[in-house]
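Structural overview
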Amino acid sequence: MNRFILIMSMILLSSSSLAQDSCMVRPSCADMGYTKSASDCVGKKAISCPFDTTAYYCPEVSENCDFSEYPLTECPTGGNCTIFECGGTTQFKLDSCQSNYEINSDSTTCVACDFSSYPLASCPTGGNCSNYSCGGTTKYKLNSCKSGYTKSGNTCTACSWGGYTASSCPYKGTCSSKTCGGKTQYKVTSCSGNYYKCGNDCCGCYCWDESECFDLHGEYGYLSGWNENCECYEYCCHQNGGCMA
């Protein structure tokens, strides 16, 4: 009898244990972190739930990737970028801009340089220019020309003076003038008094004795009489001409 009771007790205990086992709540795939679908995990390292192969776990990019220095999802037009790939995601950092582009104030885009007002590769000879540097290129704009040059379009042309070589009209001279590029020069047309025209200047006679006089250009002449003012006597002291009034 005691043996029967013992066997029955063992059966009851076994049945109770089995009942407890059968009443345990199994955690769901979602409880275990398998909350993604296959499409959510494309390009990432993924694990499927053993109880439901349509449920997946794949780490979020933010879980193990630091993109703080790579804020861009693509490299901007005209940019030179560094690429960082992590967790199946690719991000970019703008390092510099290509030729004829410059980095915008936001440091994430490149802006095309505008050289429309600066058409020259260099400042022309005789020119006063402003310049604009962008994207490693410097170009120029002609604002004005220096003294002695005239502005024509985007060039400066040196003035042609011809016979106007004197910077001022000389003493006793009568002159015509020419102004070019903000500069005025003169040409002697005649001389007055006891002066005569020599090149583009007026020269006077200086008599040293009764028979010899010396002019400003080292030319010697002879007078029939001496006069300290080089006034005309029979011969003028200028070798190559008559008396100069």
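Data block above holds the structure.
Conventions adopted
- Residues numbered from 1 in each chain as written.
- Predicted model: local features only at pLDDT ≥ 70, side-chain atom pairs only at ≥ 80, totals over all residues.
- Heavy atoms only, no water.
- Core = buried A, V, L, I, M, F, W, Y, C linked by side-chain atoms within 4.5 Å.
- Buried < 20%, exposed > 50% of the residue type's maximum accessible area, 1.4 Å probe, protein only.
- Helix = DSSP H or I, 4+ residues; strand = E, 2+ residues; numbered from the N terminus.
- Contact = heavy atoms within 4.5 Å.
- Phe/Tyr/Trp six-rings, centres within 6.5 Å; stacked < 30°, edge-to-face > 60°.
- Polar contact = N/O pair within 3.5 Å; in protein donor to acceptor, adjacent residues only side chain to side chain.
- Pairing = 2+ DSSP bridges.

Before going further, it helps to examine the nonpolar core. Among the nonpolar cores identified, the biggest contains five residues, and these are Leu-72, Phe-92, Leu-94, Cys-97 and Cys-110. No other element matches strand β4 (residues 89-97), which puts three residues into this core. Dropping the residues within four chain positions of it, Phe-92 is found in contact with Tyr-70, Pro-71, Leu-72, Thr-73, Glu-74, Cys-75, Cys-81, Thr-82 and Ile-83.

Throughout the structure, instances matching the rule amount to four aromatic pairs. Between the aromatic rings of Tyr-118 and Tyr-132, the centroid separation amounts to 5.6 Å while the plane-to-plane angle is 45°, which identifies the pairing as tilted. Residue Tyr-118 is located in the loop between β6 (110-112) and β7 (127-134), and its partner Tyr-132 is located in strand β7; the two are separated by 14 residues in the primary sequence. Look at Tyr-118 and you get buried, because its relative accessible area is 18%.

Here we take up the side chain of Gln-91. Tracing the sequence through the fold places Gln-91 in strand β4. Gln-91 sits in the buried class, given a relative accessible area of 13%. From its side chain, Gln-91 meets the backbone oxygen of Tyr-70 in a polar contact 3.1 Å long. Excluding residues that lie within four positions of it along the chain, Gln-91 makes contacts with Phe-67, Tyr-70, Pro-71, Leu-72, Thr-73, Thr-82, Ile-83 and Phe-84.

For Asn-100, which is not a glycine, the phi torsion comes out positive at approximately 70°. Positive phi outside glycine occurs at Ser-107, with the angle close to 65°. Residue position: Ser-107 is located in the loop between β5 (101-103) and β6. Here Ser-107 falls in the partly exposed class, since its relative accessible area comes to 47%.

On to the pairing of strand β10 (residues 155-158), then. Across four bridges, strand β9 (residues 149-152) lies against β10 in antiparallel orientation. For Thr-150, the partnering residue across the bridge sits in β10 and is Thr-157. In this antiparallel pair of consecutive strands, β9 and β10, the connection spans two residues, and Gly-153 shows a positive phi of 65°.

By the secondary structure assignment, Glu-102 is in strand β5. Contact partners of Glu-102, with chain neighbours within four places excluded, come to Cys-97, Thr-109, Cys-110, Val-111, Cys-113, Tyr-132, Cys-134 and Gly-135.

Residue position: Glu-74 is located in the loop between α2 (61-64) and β3 (79-86). Look at Glu-74 and you get exposed, because its relative accessible area is 57%. In this structure the C-alpha to C-alpha distance between Glu-74 and Leu-94, which are 20 residues apart in sequence, comes to 9.4 Å.

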